[in-house]
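This is what each chain is made of:
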Amino acid sequence: MPRRRGEGGIGVRRSFVMLPLTLLLCGRHLAAMTATSSTTPKLKFRSHSFPSIRVMRHGGSLGIGKSRGNTNLVTLAVAPVPPRIEEDRMKRKQSIPLHWNQPHDKKMGGESDKSGKDHHKTHVEEAKRLEYVHPPILSAYDRQITKVQAAAYGTSFSLITLLWCTITGNLQKLNLISTTERQVATIRFVSHLADKLLKIFPFLQVKVSGDENISASDRPSVWVANHVSELDLLVFLILEGRYDIGKNRPIKFLYWNELESYPILSHFLEASGMISVEMEDTGFEVDNQYKLRSLKNMYRAMDEAIQNGFDLAILPEGRRNQDAPVLAKAFPGAYKLAKKHDAMINFLGTHGIQDVWNMKDGYHTSSKEISVRFWPAMKFADKEHFIQCFYEYLGSW
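Residues numbered from 1 in each chain as written. Predicted model: local features only at pLDDT ≥ 70, side-chain atom pairs only at ≥ 80, totals over all residues. Heavy atoms only, no water.

Q: Describe the overall build of the protein chain, naming the residues involved and giving the relevant values.
A: When its secondary structure is counted, the protein chain shows ten helices and 13 strands. Here the protein chain, with 397 residues, has 54% of them falling under the buried criterion. Considering only contacts within the protein chain whose residues lie at least 6 apart along the sequence, 75% involve residues at least 24 apart. Total accessible area on the protein chain stands at roughly 19200 Å², and carbon and sulfur atoms take up 53% of it. (Helix = DSSP H or I, 4+ residues; strand = E, 2+ residues; numbered from the N terminus. Buried < 20%, exposed > 50% of the residue type's maximum accessible area, 1.4 Å probe, protein only. Contact = heavy atoms within 4.5 Å. Areas by Shrake-Rupley, 256 points an atom, 1.4 Å probe, with all protein chains shown as cover.)

Q: An account of the pairing of strand S6 (residues 221-225) is needed here, citing residue identities and associated values.
A: A large share of S6 lies buried, amounting to five of its five residues. Neither face of S6 is left uncovered, since the one carrying Ser221, Trp223 and Ala225 and the one carrying Val222 and Val224 both have all their residues buried. Here S6 runs beside strand S10 (residues 344-351); their pairing, made up of five bridges, is parallel. Across the sheet, the residue bridging to Val222 is Ile345, located in S10. Inspection of the sheet shows S6 paired to strand S9 (residues 311-314) by three bridges, in the parallel sense. Paired with Val224 across the bridge in S9 is Ile314. (Pairing = 2+ DSSP bridges.)

Q: Run through the sheet that holds strand S13 (residues 369-374), naming residues and quoting values.
A: Here seven strands make up an open sheet; going across it, the order is S5-S13-S10-S6-S9-S7-S8 and the pairing mixed. Pairing within the sheet leaves two strands with one partner each, and these edge strands are strand S5 (205-209) and strand S8 (275-277). Here the strands of the sheet are splayed against their neighbours by 25 degrees on average, with no regard to which way each runs. Where strand S7 (residues 251-256) meets S8, three bridges bridge the pair, whose relative direction is parallel. In the sheet register, Leu254 faces S8, and the bridge partner there is Ile275. Of the strands in this sheet, S6 and S10 touch helix H10 (residues 383-394), which is tilted by about 35 degrees from S10. (Axes fitted to C-alpha atoms, helices over the stretch in contact; angles between N-to-C directions.)

Q: Describe the environment of Ala301, and please don't skip the residues or the numbers.
A: Summarising the element assignment, Ala301 is placed in helix H8 (residues 292-307). Considering only alpha carbons, one finds Ala301 and Leu254, 47 residues apart in sequence, at a separation of 10.0 Å.

Q: Break down H8 for me, citing the residues and quoting the values.
A: Along its 16 residues, H8 runs 23 Å from first to last C-alpha, staying within 8% of the 22 Å computed at 1.5 Å per residue. The set of residues buried in H8 consists of Ser294, Leu295, Met298, Met302, Asp303, Ala305 and Ile306. Where H8 is buried, its residues meet S7, S8, S9 and helix H9 (333-340). Of the residues trailing H8, Gly309 is marked for its positive phi of about 95 degrees. (Expected span 1.5 Å × (residues − 1).)

Q: Can you lay out unusual backbone geometry for me, pointing to particular residues and giving the numbers?
A: In this model, Asn175 sits at a positive phi of 60 degrees, which is unusual for a non-glycine residue. Counting through the fold element by element, Asn175 comes out in the loop between helix H4 (140-173) and helix H5 (179-200). Given the relative accessible area of 69%, Asn175 is considered exposed. A positive phi angle, near 50 degrees, is found at Asp342, a position not held by glycine.

Q: Describe the side chain of Ser266, naming the residues involved and giving the relevant values.
A: Inspection of the secondary structure puts Ser266 in helix H7 (residues 263-272). Exposure remark for Ser266: the relative accessible area of 19% places this residue in the buried category. A polar side-chain atom of Ser266 sits 2.4 Å from the main-chain carbonyl oxygen of Pro263. (Polar contact = N/O pair within 3.5 Å; in protein donor to acceptor, adjacent residues only side chain to side chain.)

Q: Run through the side chain of Arg188, naming residues and quoting values.
A: Of note, Arg188 is situated in helix H5. Summary of buried charges: Arg188 has no salt-bridge partner, and the nearest side chain of opposite charge, Glu240, is 6.6 Å away. A polar contact of 2.3 Å, which involves the side chain of Arg188, links it to the backbone oxygen of Lys247. (Lys, Arg positive; Asp, Glu negative; His and termini not counted. Salt bridge = Lys/Arg side-chain N within 4 Å of Asp/Glu carboxyl O.)

Q: Quick rundown of the pairing of S10? Include the residues and the values.
A: In terms of residue burial, S10 counts as a mostly covered element, since eight of its eight residues are buried. With burial as the criterion, each face of S10 is covered, one bearing Met344, Asn346, Leu348 and Thr350 and the other bearing Ile345, Phe347, Gly349 and His351. Summarising the sheet, S10 and S13 pair through four bridges and their orientation is antiparallel. Each residue of the ladder has a partner; that of Thr350, found in S13, is Val372.

Q: If you had to explain H4 to someone new, which residues and values would you point to?
A: Under the 1.5 Å per step criterion, the end-to-end length of H4 is 49 Å for 34 residues, consistent within 8% with the ideal 50 Å. A positive phi of about 60 degrees marks Asn175, the residue just after H4.

Q: So what's going on with the pattern of salt bridges? Which residues, and what values?
A: Applying the stated criterion across every chain yields a total of nine salt bridges. Residues Asp195 and Lys196 are paired through a salt bridge, measuring 3.8 Å at the closest nitrogen-oxygen approach. In this structure Asp195 comes out as buried when scored by relative accessible area, which is 2%. Lys199 is the salt-bridge partner of Asp195, the closest N and O atoms lying 3.2 Å from each other. Here the residue Asp195 and the residue Lys199 both occupy positions in helix H5, the gap between them amounting to four residues, near one helical turn. Judged by relative accessible area, Lys199 falls into the exposed class, the value being 53%.

Below, the structure written as C-alpha cells:
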C-alpha cells in the first residue's frame, strides 16, 4: 500500500517538563555556537548578564558560561568526548541479537562474487529458512510507561530543536555565522541533545556492538544502514551524539522530500543542510522512481557536502522496508559516491526498531530494545561487491 502522509505518528500531548532547560539553552542570551573540530571558529557576541550554567555530559560538557576575558561575553561550547579506553568499552559492551552472532566465512570486504546471482533473492530465500529473534516484549504496564516517556522525549526534543533552529537562523540572517557553520553546529548540538534526552526519558534502550570500529578520521566516509522505521534518523542522531561519530566530519543524511511536510522536522532538515531527493510515492509493488531534476540537485549537493567537510549517510533500500528484518532491494548509489570521492564505506546495522515503530502498526511499543552493530570501514571492488556485502552483513541472522 502507498504510504499515507502522517501514518504511524505519535499522538504527542503537551508537556513542559523541559521548558526551563529549553529557555536556558536557547533563550535570547544564547551566546555562541562552536564545533568540536578545531577548524571551526568559536563565535561570540555581547550580552548583558548571564549566570554561569554548565550541563555535564559523559567525558565532556555542554554548557553556557562567562568568558574569562570579558564579563559581558558568553559562550556556548560542546566539549569533545575523550577517546574511550578498551577497558571502558568492554564494561559497556552489550549483547546483540542471535542473527548477528553468525560467523562469516569471508573476511570484511572480501572478494566480490562474480557469479552474477541476485543477492537480494538469495537473502530472501535464506531468511525464510531461519528463525527471527525478537527483542524482549514489554508488559502492558511497561508499554504505558514507555509511551509517556516517548511523549515527554518527543515534546522536549521538538521544542529545543525548534528554538535552536530559529535562533541560529536569525544569527545567519545577521551574517554572524555562515551557512556551513550553522549546519555543523546544528548537527552536533541536536545529536548530543538526542542522546542526553534519552537518559532522562528512556523510551528506547540502544545496545551497541562493534563500537571499537568507530574512528574519527579526516578521510571522507559514506555511512550505509538498513531502513526499517521512522525512527531510523533519530537512532542515528543518538549514536552520533553518544560516540562523537561526526567529530571531525559531521554527517548529513539523504532523505525523501516528503519529510519536509512535517513542520518541526522541516526546520531541522533545513538548518542542518540535510540532502533531499524527490521520489514518487509508488508503493512497494514497483522500484523507486526518482525525478531526474531532483537527482541532479542531489548529486551536486552530495559533492558539495563532502568537499565542505561533511560525511554522508545513505539508506540503499531507498524507503522504509515493510518486510523488516528481511532487507529490501538495495541500490548501489552509496558505492558510486564513495568511489567518486575515494571515501570509505561504513556499514551500520540496526535490529528491533520495527518492533518499536513501523509503517504497519505505527508506534506500538511492543518492545523498547534496539540493537546496533558497527562494522569496520571498507572499500569495494565494484558495485556488485558492495550489494553482496550489504546483504551478507546487514541481512544475516
